Amino acid sequence: EKIAADAAAKVAADAALLAATKKSQDLARKQNVGKSCTKLKSAKAVSGVKFVCVKKGKKLVWAAL
(Lines give C-alpha, C1' and ligand atoms only; values in the text may rest on other atoms or scores of the structure.)
Protein backbone atom coordinates (compact mmCIF):
# COMPACT_ATOMS: atom_id res chain seq x y z
CA GLU A 1 0.00 0.00 0.00
CA LYS A 2 2.76 2.44 0.93
CA ILE A 3 4.53 1.84 -2.38
CA ALA A 4 1.31 2.50 -4.31
CA ALA A 5 0.68 5.70 -2.34
CA ASP A 6 4.24 6.90 -2.98
CA ALA A 7 3.88 6.17 -6.70
CA ALA A 8 0.56 8.03 -6.86
CA ALA A 9 2.09 11.03 -5.06
CA LYS A 10 5.04 11.07 -7.49
CA VAL A 11 2.71 10.97 -10.50
CA ALA A 12 0.66 13.85 -9.04
CA ALA A 13 3.81 15.90 -8.37
CA ASP A 14 5.09 15.27 -11.91
CA ALA A 15 1.74 16.33 -13.37
CA ALA A 16 1.74 19.53 -11.29
CA LEU A 17 5.29 20.35 -12.40
CA LEU A 18 4.40 19.72 -16.05
CA ALA A 19 1.34 21.98 -15.77
CA ALA A 20 3.39 24.77 -14.16
CA THR A 21 6.06 24.47 -16.84
CA LYS A 22 3.48 24.59 -19.64
CA LYS A 23 1.83 27.63 -18.07
CA SER A 24 5.14 29.53 -17.83
CA GLN A 25 6.00 28.60 -21.43
CA ASP A 26 2.58 29.81 -22.66
CA LEU A 27 3.11 33.08 -20.78
CA ALA A 28 6.59 33.50 -22.32
CA ARG A 29 5.14 32.95 -25.81
CA LYS A 30 2.35 35.43 -25.18
CA GLN A 31 4.76 38.09 -23.94
CA ASN A 32 7.42 37.69 -26.65
CA VAL A 33 5.86 36.56 -29.94
CA GLY A 34 5.26 39.56 -32.18
CA LYS A 35 7.41 41.96 -30.15
CA SER A 36 10.03 43.85 -32.12
CA CYS A 37 13.65 42.71 -32.21
CA THR A 38 16.78 44.29 -33.61
CA LYS A 39 18.84 41.63 -35.39
CA LEU A 40 17.49 39.20 -37.99
CA LYS A 41 17.99 35.52 -37.09
CA SER A 42 19.15 36.33 -33.55
CA ALA A 43 17.83 33.91 -30.94
CA LYS A 44 16.92 33.84 -27.27
CA ALA A 45 15.33 31.40 -24.84
CA VAL A 46 12.79 32.30 -22.16
CA SER A 47 11.38 29.68 -19.76
CA GLY A 48 12.57 26.89 -22.02
CA VAL A 49 10.95 28.37 -25.14
CA LYS A 50 13.26 29.30 -28.01
CA PHE A 51 12.57 32.47 -29.99
CA VAL A 52 14.15 33.65 -33.22
CA CYS A 53 14.05 37.08 -34.82
CA VAL A 54 12.25 36.91 -38.19
CA LYS A 55 11.12 39.45 -40.78
CA LYS A 56 7.36 39.94 -40.94
CA GLY A 57 6.41 42.48 -43.55
CA LYS A 58 8.80 45.38 -42.98
CA LYS A 59 9.32 44.63 -39.28
CA LEU A 60 11.64 42.34 -37.36
CA VAL A 61 9.71 40.40 -34.70
CA TRP A 62 10.24 37.45 -32.35
CA ALA A 63 8.72 34.12 -33.39
CA ALA A 64 8.65 30.91 -31.32
CA LEU A 65 10.36 27.83 -32.70
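Above this text is the structure in question.
Cut-off values and rules
- Residues numbered from 1 in each chain as written.
- Predicted model: local features only at pLDDT ≥ 70, side-chain atom pairs only at ≥ 80, totals over all residues.
- Heavy atoms only, no water.
- Helix = DSSP H or I, 4+ residues; strand = E, 2+ residues; numbered from the N terminus.
- Buried < 20%, exposed > 50% of the residue type's maximum accessible area, 1.4 Å probe, protein only.
- Core = buried A, V, L, I, M, F, W, Y, C linked by side-chain atoms within 4.5 Å.
- Contact = heavy atoms within 4.5 Å.
- Disulfide = S-S within 2.5 Å.
- Pairing = 2+ DSSP bridges.
- Salt bridge = Lys/Arg side-chain N within 4 Å of Asp/Glu carboxyl O.

Novice: Help me get a handle on the side chain of N32, residues and values and all.
Specialist: On the secondary structure map, N32 appears in helix 1 (residues 2-32). Residue N32 is classed as buried on the basis of its relative accessible area, which comes to 12%.

Novice: So what's going on with the nonpolar core? Which residues, and what values?
Specialist: Counting residues in each nonpolar core, the largest one holds 6 residues, listed as A28, C37, V49, F51, C53 and W62. Ranked by residue count, the leading element in this core is strand 2 (residues 49-56), at 3 residues. With sequence-adjacent residues up to four places away left out, C37 is seen in contact with C53, L60, V61 and W62.

Novice: Lay out the state of the cysteines in plain terms, naming residues and giving numbers.
Specialist: With the rule as written, the count across this model stands at 1 disulfide. The residue that forms a disulfide with C37 is C53, at a sulfur-sulfur distance of 1.9 Å. Between C37 and C53, the S-S dihedral sits near 80°, and the bridge is therefore right-handed. Placement of the pair is C37 in the loop between helix 1 and strand 1 (43-46) and C53 in strand 2, with a sequence separation of 16 residues. Each of the two residues, C37 as well as C53, counts as buried.

Novice: Provide a residue-level description of the pairing of strand 1, including the pertinent values.
Specialist: Across 4 bridges, strand 1 lies against strand 2 in antiparallel orientation. Bridging from a neighbouring strand, A45 pairs with K50 of strand 2. Counting the residues in the hairpin turn of strand 1 and strand 2 gives 2 residues, including S47, whose phi is positive at 50°.

Novice: Which residues make up the pattern of salt bridges, and what values go with them?
Specialist: Should their charged atoms come close, side chains of opposite charge can pair. Summed over all chains, the structure comprises 3 salt bridges. In this structure, K10 and D14 form a salt bridge, with 3.6 Å as the shortest nitrogen-oxygen distance. On the criterion of helical spacing, the pair formed by K10 and D14 is a turn pair, its members being 4 residues apart in helix 1. By relative accessible area, D14 is classed as partly exposed at 42%. Close ionic contact of K22 with D26 constitutes a salt bridge, the shortest N to O distance being 3.4 Å. You can see K22 and its partner D26 sitting in helix 1, 4 residues apart, about one turn around the helix. Counted as one network, the salt bridges with shared partners bring together K22, D26 and R29.

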